[in-house]
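Per-entry structural report
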Amino acid sequence: MNINIRPSQIRNFFCYFLSSAWQFLLLRILLSGCLVIFLSSCQGQIQNNDKVIHLTLWQSINPPANRDVFQKLVDKFNHTHADIQVESIYAEGLPKVLTAVVGNAPPDILSFSPQSTGQFVELGAIRPLEDWLEKLPLKSEIIPNLLEESRLDGHIWSVPLYTSNIGIFYRPKLFQAAGITETPKTWEELRLVAKNLTIDRNGDHRPEQYGILLPLGKGEWTVFSWFPFLLSAGGEVVTNNRPNLTNQGAISALKFWQDLMKDGSATLSAPERGYEEDAFLSGRVAMQITGPWTYIMKSNVDYDVFPIPASVGRATVTGTGILYVMKTTPAREQAALKFLEYVLSEEFQKEWSIGTGFLPINIKAAQSKNFQQFISQKPVLKVFMEQVFLAHPRPIIAGYSRLSDSLGHAIEATLLGESAEKALKKAQERLETIWE
């Protein structure tokens, strides 16, 4: 069946729907649209007249108790700054941050790991801080070597929120039972002590007690735990912004860990679980490499800590949390800098450190009566505080994740039996093929 519709019929059809009630409906729609535009305009004027700058701060502070301490300090800032309000948001993981940066929706302030600095610089996501910091009177109160972790390509890209470092926790009762009266000061002494603390009670060649736990795995915890030994041996893993894993210091540090394994006085953690304290708490190991964040300090077992023993010299690695100012607008960036100034202050650092157990980055806070009373109740913190001035960071370069991954493979291979030289050579060759 063919239907022929004339143009006049189509015209009459539309005229019908635009008549009477339909015309009234159309009028309502148009008026509603005008009202929305009007209200939007008013809202824009209100926002323009609102002089309060609302900032978002992303952080991944753990455990939750530490997050609560941070929130109280953020609230204190907000109460004393009528023109700036900071909202602290828990946001964990680099992918989330990178997605926000690429999507042009970053936070104003980011609390993160300094090893990600190179990546953020390449993306143009963070603003340099040296011009602001040089004029800041508080700069002289920051522990100087902590700013090493903020530098890249002649700029300072972050400020420290807190710091910590690595030492060796030990069980005094097990030392006493083995007749050990002094903690080791050198690698040779550490190796001997680890042997004396390794006990095979039933003669089955499977010790019930080992001298020390070493972390097995390719991940960052393994690399982080090994770094104090690298630094103590005078080694490095980067020279002129390029990987250098085969220098004598790196080989010596990895050989030392392998020697502990060959002696039978070290046991390995479960893969990628080197931070767990179960073996230490149960007495299966007498020493463990970790920092003041460890659950050991909240346990009921006997424990103490000594500094990383020296090879060429004394050293340890920093575990520092930092704050970036993300590139947004000049007004928002200036507001973010005011919050950073607050974080660097004696007031913030004193309350934060006492509340969390992290070490203050402000010298006056560290010397304050309140903090000194706090660490007198937790004497192990004195060891970590003394090591702050000997501590150095892991490399702050754009390719750190690739470097760490290759190092992790080399450390794991060596602990499982491959020679240190061969494992580091393979890692160096792998890096050279992908570095550019």
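Thresholds, definitions, all that
- Residues numbered from 1 in each chain as written.
- Predicted model: local features only at pLDDT ≥ 70, side-chain atom pairs only at ≥ 80, totals over all residues.
- Heavy atoms only, no water.
- Pairing = 2+ DSSP bridges.
- Helix = DSSP H or I, 4+ residues; strand = E, 2+ residues; numbered from the N terminus.
- Axes fitted to C-alpha atoms, helices over the stretch in contact; angles between N-to-C directions.
- Buried < 20%, exposed > 50% of the residue type's maximum accessible area, 1.4 Å probe, protein only.

Moving on, we get to the sheet that holds strand β2 (residues 84-90). On the basis of which strands lie adjacent, the open sheet formed by five strands has the order β2-β1-β3-β15-β6 and mixed pairing. The open sheet has two edge strands with one neighbour each: β2 and β6 (159-162). The mean inter-strand angle of the sheet, taken between neighbouring strand axes irrespective of direction, is 25°. In the sheet, strand β3 (residues 109-112) pairs with strand β15 (residues 321-325) via four bridges, with the strands oriented antiparallel.

What follows is about the environment of Glu-122. Residue position: Glu-122 is located in helix α5 (residues 117-123). When its relative accessible area of 63% is taken as the criterion, Glu-122 is described as exposed. As a C-alpha pair, Glu-122 and Ala-398 span 276 residues in sequence and 7.3 Å in three-dimensional space.

Moving on: the pairing of strand β7 (residues 167-170). As paired elements, β7 and strand β12 (residues 285-290) share four bridges and run antiparallel to each other. Bridge pairing in β12 links Phe-169 to Gln-288. Taken together, the three bridges between β7 and strand β13 (residues 304-306) define a ladder with antiparallel strand orientation. Directly across from Tyr-170, in β13, lies its bridge partner Asp-304.

Reading across the sheet, the five strands line up as β11-β8-β12-β7-β13 and stay open at both edges, with mixed pairing between neighbours. The sheet is open, and its two edges are formed by β11 (266-268) and β13, each paired on a single side. On average, each strand axis in the sheet is tilted by 30° relative to the strand beside it, whichever way the strands run. With three bridges connecting them, strand β8 (residues 210-214) and β11 associate as parallel partners.

By themselves, these observations are geometric and do not establish any function.
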